[in-house]
Every structure is written in structure tokens, then in C-alpha cells.
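Single-letter residue listing:
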Amino acid sequence: MKGKLHHVEIYTADLTQSKEFWGWLLGELGYKEYQTWEAGISYILDDSYIVFVQVQEKYSDIPYHRCRPGLNHLAFHGGSKEFVDEITQKLRDRKVKILYEDKHPFAGGQGYYAVYFEAPDRMKVEIVAD
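In this text, all values refer to a predicted model and were calculated from it rather than measured experimentally.

### A few points about the sheet that holds strand 7 (residues 124-129)
At step 1: Read across the sheet, three strands follow the order 5-7-6 without closing on themselves; strand pairing throughout is mixed. Edge positions in the open sheet fall to strand 5 (73-79) and strand 6 (114-118), since each of these has one partner strand only. Recorded for the sheet is a direction-independent mean angle of 20 degrees between the axes of neighbouring strands.
At step 2: In the sheet, strand 5 pairs with strand 7 via six bridges, with the strands oriented parallel. Looking across to strand 7, one finds that Gly79 is bridged to Ala129.

Written out as C-alpha cells, the structure is:
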């Protein structure tokens, strides 16, 4: 399918922490573990996958920040509002930082029902009700 996203590769400061967080979250969204190797892991859903790779130490001196040039956030379809509410509670139970808490679940505006939160490397993630 021309133009469809094939994969996203994200370098992470702590691969162990990323495996724990992303493995859980992506599992909730229907992804399965796809490939593993010493410095990385990938998760697949249908024919698209997400890869996490341990950043090399020589490149780890500048921490990621979503407001710098580069990737700002990942947004996933969440299906129903009930799923967004369920995943929000699971994130809170896991002590994950919910962003825009004062406007949740309408931080994207009325009619846009979503949860925004931070992954371990402070990347913003969003799960949106369809």
C-alpha cells in the first residue's frame, strides 16, 4: 500500500525501561512483540511496526525533548471512549504522567476525546477515541 506507514524507529535512553512501558502499552493496543536483539525490540500490528533501540552512549549527552526539532508525539487510535477511559485509569495506576490533566479528556478540543501522557523518555503519546 503506497504511502502507508511501514515502521517508526525510536532511540531510547533506557531500553529496559522502554521495553517495560511500551511492551505493556502496545500490548493494550493489540501489538505483539515482533523482533528482539541485544540493542532493541520491535512490536507489530498488522503490517506496521514500532522499533525501540538503545541509543549509543556517544549520542546520549543531549536528552530528548518533544519541543525540539524532531518527533513531537505518537498518536494511536483507541477505538471507544470507554477504552480511552480504561487506559487512562491503567496509566494512572502505573503512575504515568497524564498531560493536560485539567482539560482531560478534551485537551484537543471539544469532540476530540483523548488521553495525552508521557513515555519514559518524555515523548508525548496520545490515544484517541475514534
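### Re the sheet that holds strand 3 (residues 40-45)
At step 1: Taken together, the four strands give an open sheet; going across it, the order is 1-4-3-2, and neighbouring strands pair in mixed fashion. Only two strands of the sheet have a single neighbouring strand rather than two, namely strand 1 (7-12) and strand 2 (32-37). Across this sheet, the average inter-strand angle for adjacent strands is 20 degrees, counted without regard to direction.
At step 2: Together, strand 1, strand 3 and strand 4 (48-54) form the strand contacts of helix 1 (residues 15-28), whose direction differs from that of strand 3 by roughly 10 degrees.

### Topic: the packing of aromatic side chains
At step 1: Evaluated as defined, the whole model comprises eight aromatic pairs.
At step 2: Measuring from centroid to centroid gives 6.1 Å for Tyr43 and Phe52, while their planes differ by 65 degrees, and the two rings are edge-to-face. The residues Tyr43 and Phe52 share a single accessibility class, namely buried.
At step 3: Plain terms: the ring middles of Phe106 and Tyr113 are 5.4 Å apart, the flat faces sit at 85 degrees to each other, and that makes the pair edge-to-face.
At step 4: Overall, the relative accessible area of 12% leaves Tyr113 in the buried class.
At step 5: Here the aromatic cluster, defined as three or more aromatic residues joined through ring pairs, consists of Phe21, Trp22, Tyr43, Phe52 and Phe117.

### Focus on the environment of Ala119
At step 1: Tracing the sequence through the fold places Ala119 in the loop between strand 6 and strand 7.
At step 2: With a relative accessible area of 6%, Ala119 lands in the buried category.
At step 3: Ala119 sits 101 residues away from Ser18 along the chain, and the two C-alpha atoms are 8.1 Å apart.
At step 4: Filtering out sequence-adjacent residues up to four positions away, Ala119 remains in contact with Phe21, Trp22 and Val125.

Reading the values: rules and limits
- Residues numbered from 1 in each chain as written.
- Predicted model: local features only at pLDDT ≥ 70, side-chain atom pairs only at ≥ 80, totals over all residues.
- Heavy atoms only, no water.
- Pairing = 2+ DSSP bridges.
- Helix = DSSP H or I, 4+ residues; strand = E, 2+ residues; numbered from the N terminus.
- Axes fitted to C-alpha atoms, helices over the stretch in contact; angles between N-to-C directions.
- Contact = heavy atoms within 4.5 Å.
- Phe/Tyr/Trp six-rings, centres within 6.5 Å; stacked < 30°, edge-to-face > 60°.
- Buried < 20%, exposed > 50% of the residue type's maximum accessible area, 1.4 Å probe, protein only.

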